[in-house]
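Listed below are the residues making up each chain.
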Amino acid sequence: MRKFIVLFVLGLIVATPKVSLAAYARDYLPLPAGYTLFAAYFNHVSANNYYVNDNKVTDSFNKSLNLGLLRLVHYVNIGDALYGDGGFTVDPQFIIPFVDLELSGDYIGGTDFSTSGMGDPMILATFWFVNDPQNKFWIGFTPWVTVPIGRYDKNRMASPGGNRWVIKPELGIVKGFGDKTYLDIIFGEEFYTDNDEYLGDSELEQDPTFQLEAHLSYDITKTWSVSLDYFFIAGGETKVDGVDQDNEMKNHGVGLTSFFMIGDHHQLLFSYRDDFSVETGWGDKTFGARWCYFF
């Protein structure tokens, strides 16, 4: 029974943070220096299937995750870009997540489990060393740091916080084609410190995960755009008290996003993502929404 619980919680740890860290199309386009952006996100994630090494372990399970994020970003110019005349733009920012998770089904003994609270905040900044709006070409480097101060209870099956530091260097490349089409390609790798209060006083170790995103977006009108999205994650094998859990990931997801401006200062976004090919983890389906205010 304990082995199933370990696999179950590992699945939550591996799957849950990826919702908060995934980008949307054109997130790597910098706003002019001096602008501030406030964004509120909502994601609803559901799943019934869990996989280990390409084998479905169970479909007798219900996962319902509501994830909210508050994000504040400010854009500044610190000099000339290495390439392009758009300036060396930097956007220091922070993200605060809020989690509401409910679980039920035969896979967890026919019981119901729920938890809620503040997750681990994230501090980050993108450095656009290539900023060439004339040729519609941008490259930015983003170091992410996840600070383990969210709610965590070592005696519960899962918690909003992870009780470990996460560091993620990320590189985003955007190229525009013509007047209406953009391609974003984003590479990242997450590194994790150990959690020494996992399921009580056990120690959780996790290998780094490699992440890739691609977003192909198109302007239908001057204020309305859509994008096709692709997500890939690999690695992330874990150990509990030195015992290899044999749960390396190689997972694929696809999505569709629609976003539009309302006036000059507001943007609304709606998205759907389906993790359609999962080697290890939950077969998540995610509905997302985001409101941005620019000032």
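The following paragraphs examine the structure supplied in this document.

Cut-offs and rules
Residues numbered from 1 in each chain as written. Predicted model: local features only at pLDDT ≥ 70, side-chain atom pairs only at ≥ 80, totals over all residues. Heavy atoms only, no water. Pairing = 2+ DSSP bridges. Helix = DSSP H or I, 4+ residues; strand = E, 2+ residues; numbered from the N terminus. Salt bridge = Lys/Arg side-chain N within 4 Å of Asp/Glu carboxyl O. Buried < 20%, exposed > 50% of the residue type's maximum accessible area, 1.4 Å probe, protein only. Contact = heavy atoms within 4.5 Å.

Two modes of strand pairing occur in sheets, parallel and antiparallel, and in both the strands are linked by backbone hydrogen bonds. Spatially, the 3 strands line up as an open sheet ordered β3-β2-β20, and their pairing is antiparallel. On the outer flanks of this sheet lie β3 (55-58) and β20 (281-282), each paired with one strand and no other. With 2 bridges joining them, strand β2 (residues 50-52) and β20 adopt antiparallel strand pairing. Its bridge partner being in β20, Tyr 50 is matched across the sheet by Trp 282.

Time to look at the pattern of salt bridges. Opposite charge on two side chains permits pairing when their charged atoms draw close. Under the counting rule described, the total for this entry stands at 8 salt bridges. Put simply, Arg 273 and Asp 275 hold a salt bridge, and the shortest N to O gap is 2.9 Å. On the basis of relative accessibility, which here comes to 16%, the residue Asp 275 falls in the buried class.

Note on placement: Ile 262 falls in strand β18 (residues 249-262). Judged by its relative accessible area of 41%, Ile 262 falls in the partly exposed class. Expressed as a C-alpha distance, the spacing of Ile 262 and Pro 30, which sit 232 residues apart in the sequence, is 19 Å.

The next thing to look at is the sheet that holds strand β13 (residues 202-206). Pairing is antiparallel across the open sheet formed by 4 strands, whose spatial order is β12-β13-β16-β17. The sheet terminates laterally at β12 (195-198) and β17 (243-244), the two strands that pair on one side only.

In this section: the pairing of β3. As paired strands, β2 and β3 are joined by 3 bridges and run antiparallel to one another. Within the sheet, the bridge partner assigned to Val 52 lies in β3 and is Asn 55. What sits between the antiparallel neighbours β2 and β3 is a turn of 2 residues, in which Asn 53 has the positive phi angle 50°.

Relative to the helices and strands, Pro 208 is located in the loop between β13 and β14 (209-219). A relative accessible area of 32% places Pro 208 in the partly exposed class. If we ignore the near neighbours within four places in the chain, the residues touching Pro 208 are Glu 189, Glu 190, Phe 191, Tyr 192, Ala 234, Gly 235 and Gly 236.

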